[in-house]
There are 2 protein chains.
Amino acid sequence: MNETITIGSDALQQLKDMLLNRAFSKVAVLVDENTLVHCYPLVKPYLPEHHLIQIQSGEAHKTLQTCEYIWQRMTELNLDRWSVLVNLGGGVIGDMGGFCTALFKRGLYFVQVPTTMLAQVDASVGGKTGVDFHGLKNHIGVYKEPVAVFINPVFLQTLPQREIKSGYAEIIKHWLIADGEMFETQRHIGLFTENWDELIRHSVAIKSAVVEADPLEGGYRKVLNFGHTIGHAVESFLMDKPGRELLHGEAIAVGMLCEAYLSVKKELLSKESLDKIEIFLISVYEKVPLTEDEIQTISQFALQDKKNTGATINCTLLQRIGSAVYDQPITLPEIQEALRYYALL
Amino acid sequence: MNETITIGSDALQQLKDMLLNRAFSKVAVLVDENTLVHCYPLVKPYLPEHHLIQIQSGEAHKTLQTCEYIWQRMTELNLDRWSVLVNLGGGVIGDMGGFCTALFKRGLYFVQVPTTMLAQVDASVGGKTGVDFHGLKNHIGVYKEPVAVFINPVFLQTLPQREIKSGYAEIIKHWLIADGEMFETQRHIGLFTENWDELIRHSVAIKSAVVEADPLEGGYRKVLNFGHTIGHAVESFLMDKPGRELLHGEAIAVGMLCEAYLSVKKELLSKESLDKIEIFLISVYEKVPLTEDEIQTISQFALQDKKNTGATINCTLLQRIGSAVYDQPITLPEIQEALRYYALL
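Everything numeric in this text was worked out from a predicted model, so none of it was measured. (Residues numbered from 1 in each chain as written. Chains lettered and ligands numbered in written order. Predicted model: local features only at pLDDT ≥ 70, side-chain atom pairs only at ≥ 80, totals over all residues. Heavy atoms only, no water.)

Trainee: Explain the relation of the copies chain B and chain A here, please?
Mentor: Two chain copies here: they are related by a rotation about an axis and a translation along the same axis. When chain B is brought onto chain A, the operation consists of a screw motion whose angular component is 180° and whose axial shift is 0.0 Å, with 0.0 Å RMSD remaining. Put plainly, the chains are arranged around a two-fold axis. A shared interface surface links the copies, since 100% of the contact residues of chain B are contact residues in chain A too. (Least-squares fit on C-alpha atoms with pLDDT ≥ 70 in both. Contact = heavy atoms within 4.5 Å.)

Below you can see the structure in the form of structure tokens.
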């Protein structure tokens, strides 16, 4: 596993040691109103002298406008190229904080301290940073690696069950694309596991191995996109529908089910495997109701996916539980068929 | 020299061949109202099917707001990661077009077709892209190399004399930091040269060699910043003073004179060399009048320079004509003293 990732209950001590050793010119911490209250008090004792930059929580604020505010604060604090930003929060804080440091004065340092399970198993690994643009997820961004990632399970105790489930979706995804045995064992245990530390460690190891093999997503890394072509479209569509917004993992659960269905349709995956995936996902995640009109609109969102080539929609599909194939062309009608299958479950 | 840079009258034919060979999914061309009229007609015959993205000319539009417009157009045109943007214009078009392609869907391709002398000898080489932020030059940016650079001297015929002089300042800078003999020969010829092609080729070669030795500006590349610590401060200060705005090279000429003065003060450069530089620069560039109050304000601008470490202002100075040293700490009072020296010339 990537040596810059520390997982465990001593992660904050390691953060402290690293900040001391590297002697950055200045330290700033990016928080939102939730992590300020629930997480910052746990981290503060391990930090040297530092400044706070506070933004509002939520995907709706993952925008260039929020970046402008962060850059304004970074300018006021006189951060230079030898300063470091500590991103304390979930995926939004991590992605946007990484993005802002990548661009400020053409790049200073950043550290990830992910506080949600989703960010711990997914967003903190892989160097993707970015913001949403006109409702399109991560439409504007760059690849930029953090100095280090510190994953402390203590933060999970501050999370509501819905957030745990959202992160769990990416854990399931990692089993489906890379470890069929783990899927087979864990699908009977589900959320009743007492081993979150181990599951996170295992998931981070899978993601790190994939990213190291293909850091800039030239090919193989696309296996990580399983569930994301349709999942992102569903997430984007519901993003501005009050009361119906999904957490990222909830949308990916819908996407994984739809794309597993397409894997069967394309004769890559067995019907029996689809049944297993379906039963498991439906047992964990609430069904998202979708009308026929909405299915039409959602399929249009998939056209803007970053992985597409021109008008062709590229999707990652399963060839068995534990193994994925990327760059599988799918059509708009197929996406609609898959969403219809899901809606009628 | 970097093999991706083509200089000469057949540069547009080479552009055509490259675009055909690479078979990009889509081609878009970024222009402003000036290059649309004066340069686009010269390039159009060499382009395959393409789309235009037009922005307003001038440093005042080198902002995130303009980027948002460009990203909106790129989204409407459905550009993907295998598309290319041809930047047809001066430094603003090149820097901002490169920046926009670096971030859109985490990166597509771009080509530089610089149309001003400044962009041909300076902005088109080195992979620096970015925009201004709250009056701070290139405050937000990334390093991103173009696919290729095509420099055709034909565009220089479309330029006013003031633009030629602005580009000439960077040519002079390249002599001062890397080729004392060339300075000695050329200072007697000045703007009366008939060999612009050769001068541009020579300048691009110097800059390319420096950049190749240190692409991310860890050290040696900083020699290229000679004249820029004080020059940028003067440029930023005058940017919003109607009727007093300077072209980049005009500001760098002021900066080079001030920083040559500081080189003597720091006992790095001989007084005789300063005299030569001073006589030459004053013969080419109009004096910029500066009051004592303005000198105080300008020196404050230098504090935000990207090359600084904390409160220390780092400057590149000359140790002789043809050789520079970087990371020389200078103080606010020293900057003021140098500007006062210039103002009293």
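Trainee: I'm lost on the environment of A:K241 in this one. Help?
Mentor: Position of A:K241 relative to the elements: it lies in the loop between α10 (228-238) and α11 (248-265). A polar atom in the side chain of A:K241 sits 2.8 Å from the side chain of A:D240. (Helix = DSSP H or I, 4+ residues; strand = E, 2+ residues; numbered from the N terminus. Polar contact = N/O pair within 3.5 Å; in protein donor to acceptor, adjacent residues only side chain to side chain.)

Trainee: What am I meant to see in the UniProt feature "domain: 3-dehydroquinate synthase C-terminal" (unreviewed entry) in chain A here?
Mentor: Under the present numbering, the feature "domain: 3-dehydroquinate synthase C-terminal" (unreviewed entry) in UniProt falls on residues 167-308 of chain A. Helix and strand shares over residues 167-308 of chain A are 63% and 0% respectively, and the end C-alpha atoms of the span are 26 Å apart. (UniProt positions renumbered as here; feature names shortened; annotations may be inferred.)

Trainee: Quick question: what am I supposed to make of the pattern of salt bridges here?
Mentor: Two side chains carrying opposite charge are able to pair once their charged atoms lie near each other. All told, the structure shown has 38 salt bridges over all chains when counted by the stated rule. The partner of B:E76 in a salt bridge is B:R73, with the nearest N and O atoms 3.4 Å apart. One end of the pair, B:E76, and the other, B:R73, are both in helix α4 (residues 64-76), three residues apart, so they sit about a helical turn from each other. B:E250 is the salt-bridge partner of B:R162, the closest N and O atoms lying 2.7 Å from each other. Of this pair, B:R162 sits in helix α7 (residues 161-178) while B:E250 sits in helix α11 (residues 248-265), and the two are 88 residues apart along the sequence. Residue B:R162 is classed as partly exposed on the basis of its relative accessible area, which comes to 43%. Among the charged side chains, a salt-bridge network with shared partners connects A:E59, A:K137 and A:E235. (Salt bridge = Lys/Arg side-chain N within 4 Å of Asp/Glu carboxyl O. Buried < 20%, exposed > 50% of the residue type's maximum accessible area, 1.4 Å probe, protein only.)

Trainee: Please explain the interface of chain B and chain A as it appears in this structure.
Mentor: When the parts of a complex come together, some accessible area is lost, and that lost area is often used as the size of the interface. With 36 residues of chain B at the contact, the number on the chain A side is 36 residues. Together chain B and chain A conceal approximately 3,400 Å² of surface at their shared face, both sides included; 53% is due to carbon and sulfur atoms. Among the residues of chain B in contact with chain A, B:K105, B:R106 and B:K306 are the three that bury the most area, contributing 22% of the side total. Across the contact surface, chain B and chain A share two salt bridges. Its salt-bridge partner being A:R81, residue B:E217 comes within 3.8 Å of it at the nearest N-O pair. Looking at the side of chain B that touches chain A, the elements with two or more residues in it are α4, α5 (91-103), β6 (128-133) and β7 (136-143) of chain B. Across the side of chain B that touches chain A, the residue classes tally to 13 nonpolar, 13 polar and 10 charged. (Buried area = accessible area lost by both parts, 1.4 Å probe. Nonpolar A, V, L, I, M, F, W, Y, C, P; charged D, E, K, R; others polar.)

Trainee: Please clarify how the domain arrangement of chain A should be interpreted in this entry.
Mentor: Residues and elements named next belong to chain A. Split into domains, chain A comes out as domain 1 (5-157) and domain 2 (160-343). Inter-centroid distance (C-alpha atoms) of domain 1 to domain 2 is 26 Å. In this assembly, 22 residues from domain 1 lie in contact with 30 residues from domain 2. Linking domain 1 to domain 2 there are three salt bridges. One salt bridge in this structure joins K137 and E235, with 3.2 Å as the shortest N-O distance. The tally of links from domain 1 across to domain 2 stands at six residue pairs in polar contact (both at pLDDT 80 or more). Listed by contribution, the elements that provide at least two residues to the side of domain 1 that touches domain 2 are β1 (5-7), α6 (117-123), β6 (128-133) and β7 (136-143). A breakdown of the residues in the side of domain 1 that touches domain 2 according to their chemical character gives 11 nonpolar, six polar and five charged. (Domains from an automatic or database assignment.)

Trainee: Honestly, the sheet that holds strand β4 (residues 84-89) of chain A in this entry has me stumped. Any pointers?
Mentor: Within a beta sheet, neighbouring strands are joined by backbone hydrogen bonds and run either parallel or antiparallel to one another. Residue and element names in this part refer to chain A. Strand order in this open sheet of six strands is β1-β8-β5-β4-β2-β3, and the pairing throughout is parallel. Because the sheet does not close on itself, it has two edges, and the strands there are β1 and β3 (51-55). Each strand axis lies, on average, 20° off the axis of its neighbour in the sheet, ignoring direction. Helix α9 (residues 196-213) rests against β1 and β8 (148-151) of the sheet, and its axis sits at about 165° to β1. (Pairing = 2+ DSSP bridges. Axes fitted to C-alpha atoms, helices over the stretch in contact; angles between N-to-C directions.)

Trainee: Explain unusual backbone geometry to me, please; I cannot follow it from the model alone.
Mentor: Only a minority of non-glycine residues have a phi that is not negative, and only a minority of peptide bonds are not trans. The phi dihedral of A:H134 falls on the positive side, at around 50°, and the residue is not glycine. For A:H134, the location among the structural elements is in the loop between β6 and β7. In this structure, B:N138 takes a positive phi of about 50° despite not being glycine. With respect to the helices and strands, B:N138 occurs in strand β7. Given a relative accessible area of 10%, B:N138 falls into the buried group.

Trainee: What is the right way to read the packing of α11(A) against helix α12 (residues 271-284) of chain A from this model?
Mentor: Two quantities define a packed helix pair, namely the angle between the helix axes and the distance between the axes. All names here are of chain A. Running from N to C, α11 and α12 point in directions that differ by 170°, and their axes come no closer than 9 Å. The angle between the axes of α11 and α12 places the two elements in the roughly antiparallel class. α11 and α12 meet at a crossing whose hand is left-handed. Facing A253, M256, L257, A260, Y261 and V264 of α11, the residues of α12 in contact are K271, L274, I277, E278, L281 and I282. A per-class count over the contact of α11 with α12 returns 10 nonpolar, no polar and two charged. (Parallel < 35°, antiparallel > 145°, perpendicular 65-115°, else oblique. Left-handed = near helix turned anticlockwise from the far one by under 90°.)

Trainee: What am I meant to see in helix α1 (residues 11-22) of chain A here?
Mentor: Spacing of three or four residues puts side chains on the same side of an α-helix, whose turn is 3.6 residues. Residues and elements named next belong to chain A. Its 12 residues place the ends of α1 16 Å apart at the C-alpha level, agreeing with the 16 Å of an ideal helix rising 1.5 Å per residue. Along α1, the residues classified as buried are A11, L12, L15, M18 and L19. Taken end-on, α1 shows its buried residues confined to a sector of 115°, consistent with a single buried face. Residues L20 and N21 are exposed on α1 and point more than 90 degrees away from its buried face. Where α1 is buried, its residues touch β1, α3 (40-43), β4, β5 (109-114) and β8. After α1 finishes, the residue A23 shows a positive phi value of roughly 50°. (Expected span 1.5 Å × (residues − 1). Arc of directions from axis to C-beta.)

Trainee: Quick question: what am I supposed to make of the sheet that holds strand β5 (residues 109-114) of chain B here?
Mentor: All names here are of chain B. The parallel open sheet is built from six strands, whose spatial order is β1-β8-β5-β4-β2-β3. In this open sheet, the two edge strands, each paired with only one partner strand, are β1 (5-7) and β3 (51-55). In this sheet, neighbouring strand axes are inclined to one another by 20° on average, regardless of whether the strands run parallel or antiparallel. Note: strand β4 (residues 84-89) against β5, six bridges, orientation parallel. Note on β5: the bridge partner recorded for N87 is Q112.

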